[in-house]
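Read off the chains here:
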Amino acid sequence: MIIYVNEAPYSRKYNDKESQLKSLAEWYYFGEIHTITERNPRIIIDLIKHYDAMQFITYSIEEFDMSPTMICELIFSMIKLDCIFTSHKESLYFDHKDNILEVYPKVFEIFRKKIINSSEFINHI
């Protein structure tokens, strides 16, 4: 299993997110857990191959410094490798059994809501 945390290693936020994800993972995973902070999608895929990871879990898809399209492509790459993608905050779960046509709408809906919420905040100022 790979846990993805996009924070400075060993910072307070990093430790909090890593701890939450490890606690979650302990409920259903009994193998080795690797925490990564890599931001490059190609290297993330290489790490999945290197560790032969069957599960990739992140706190939120907003952790990725990528466009929604790039995030979807990263998820597709994981699915092709039979690696299950999970995002804790958004309760997203994709594996090879799921219809990959659901990835784009679900990911884009999350970012659409984020944009709407931020524009509502700006309008209230």
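Provided above is the structure to which this section pertains.
Residues numbered from 1 in each chain as written. Predicted model: local features only at pLDDT ≥ 70, side-chain atom pairs only at ≥ 80, totals over all residues. Heavy atoms only, no water.

1. Focus on the overall build of the protein chain
Let me state the cut-off plainly: Under the scheme used here, helices are H or I runs from DSSP no shorter than 4 residues and strands are E runs no shorter than 2 residues, and both carry numbers assigned from the N terminus. A radius of gyration in this sense is built from C-alpha atoms; the matching globule rule multiplies 2.2 Å by the number of residues raised to 0.38. Partly exposed describes any residue whose relative accessible area lies between the buried limit of under 20% and the exposed limit of over 50%, with all areas from a 1.4 Å probe on protein chains only and scaled to the type maximum. The criterion used for residue contact is that any of the two residues' heavy atoms lie within 4.5 Å.
Of the regular secondary structure elements, the protein chain holds four helices and five strands. Starting at the N terminus, the α and β elements of the protein chain follow one another as β-α-β-α-β-α-β-β-α. Relative to the 2.2 N^0.38 estimate, which gives 14 Å for 125 residues, the radius of gyration of the protein chain is 15 Å and therefore close to what a compact globule would have. With the principal axes as the frame, the protein chain shows a C-alpha extent of 50 × 35 × 25 Å. Relative to its 125 residues, the protein chain shows a buried fraction of 39%. Expressed as a percentage of contacts within the protein chain between residues at least 6 apart in sequence, the contacts between residues at least 24 apart total 68%.

2. Let's talk about helix α1 (residues 12–26)
Quick reminder: α-helices carry 3.6 residues per turn. Residues three or four places apart thus point the same way. Just so we agree on the cut-off: Every helix has an expected span of 1.5 Å times one less than the residues it contains. The reported arc concerns the directions from the helix axis to the C-beta atoms and nothing else.
Its 15 residues give α1 an end-to-end C-alpha distance of 21 Å, which sits within 8% of 21 Å, the value for a rise of 1.5 Å per residue. All of the buried residues along α1 are Y14, K17, E18, L21 and A25. Around the axis of α1, the buried residues are gathered within 100° of arc, so they sit on the same side. Turned more than 90 degrees from where α1 packs its buried face, R12 and E26 sit exposed. Each element contacted by the buried residues of α1 is listed here: β1 (2–4), β2 (34–36) and β3 (55–58).

3. Description of the nonpolar core
The criterion, for reference: To define a nonpolar core, start from buried Ala, Val, Leu, Ile, Met, Phe, Trp, Tyr and Cys residues and group those joined through side-chain atoms within 4.5 Å.
Within the largest apolar cluster, 27 residues are counted, with the highest numbers of intra-cluster contacts made by I44, I48, F56, F64 and M78. For this core, the secondary-structure elements that each account for two or more residues are β1, α2 (41–51), α3 (68–80), β5 (92–94) and α4 (103–124). Ranked by residue count, the leading element in this core is α3, at seven residues. Discounting chain neighbours no more than four positions away, the residues touching I48 are I2, A53, F56, M78, L81 and C83. Counting residues in each nonpolar core, the second largest holds seven residues, with Y14, L21, A25 and I57 among its members.

4. Examining the sheet that holds β3
Basically, it comes down to this: Any two strands with at least two DSSP-identified bridges between them are counted as paired. Where helices are involved, their axes are fitted lines through C-alpha atoms of the stretch in contact, as for all axes, and angles between N-to-C directions lie from 0 to 180°.
Taken together, the five strands give an open sheet; going across it, the order is β2-β1-β3-β4-β5, and neighbouring strands pair in mixed fashion. Pairing within the sheet leaves two strands with one partner each, and these edge strands are β2 and β5. Taking the axes of each pair of neighbouring strands and ignoring which way they run, one obtains an average angle of 15° across the sheet. Across three bridges, strand β4 (residues 84–87) lies against β5 in antiparallel orientation. If you follow F85 over to β5, its bridge partner there is F94. Packed onto the sheet, α2 meets β1, β2 and β3 and runs at close to 155° relative to β1.

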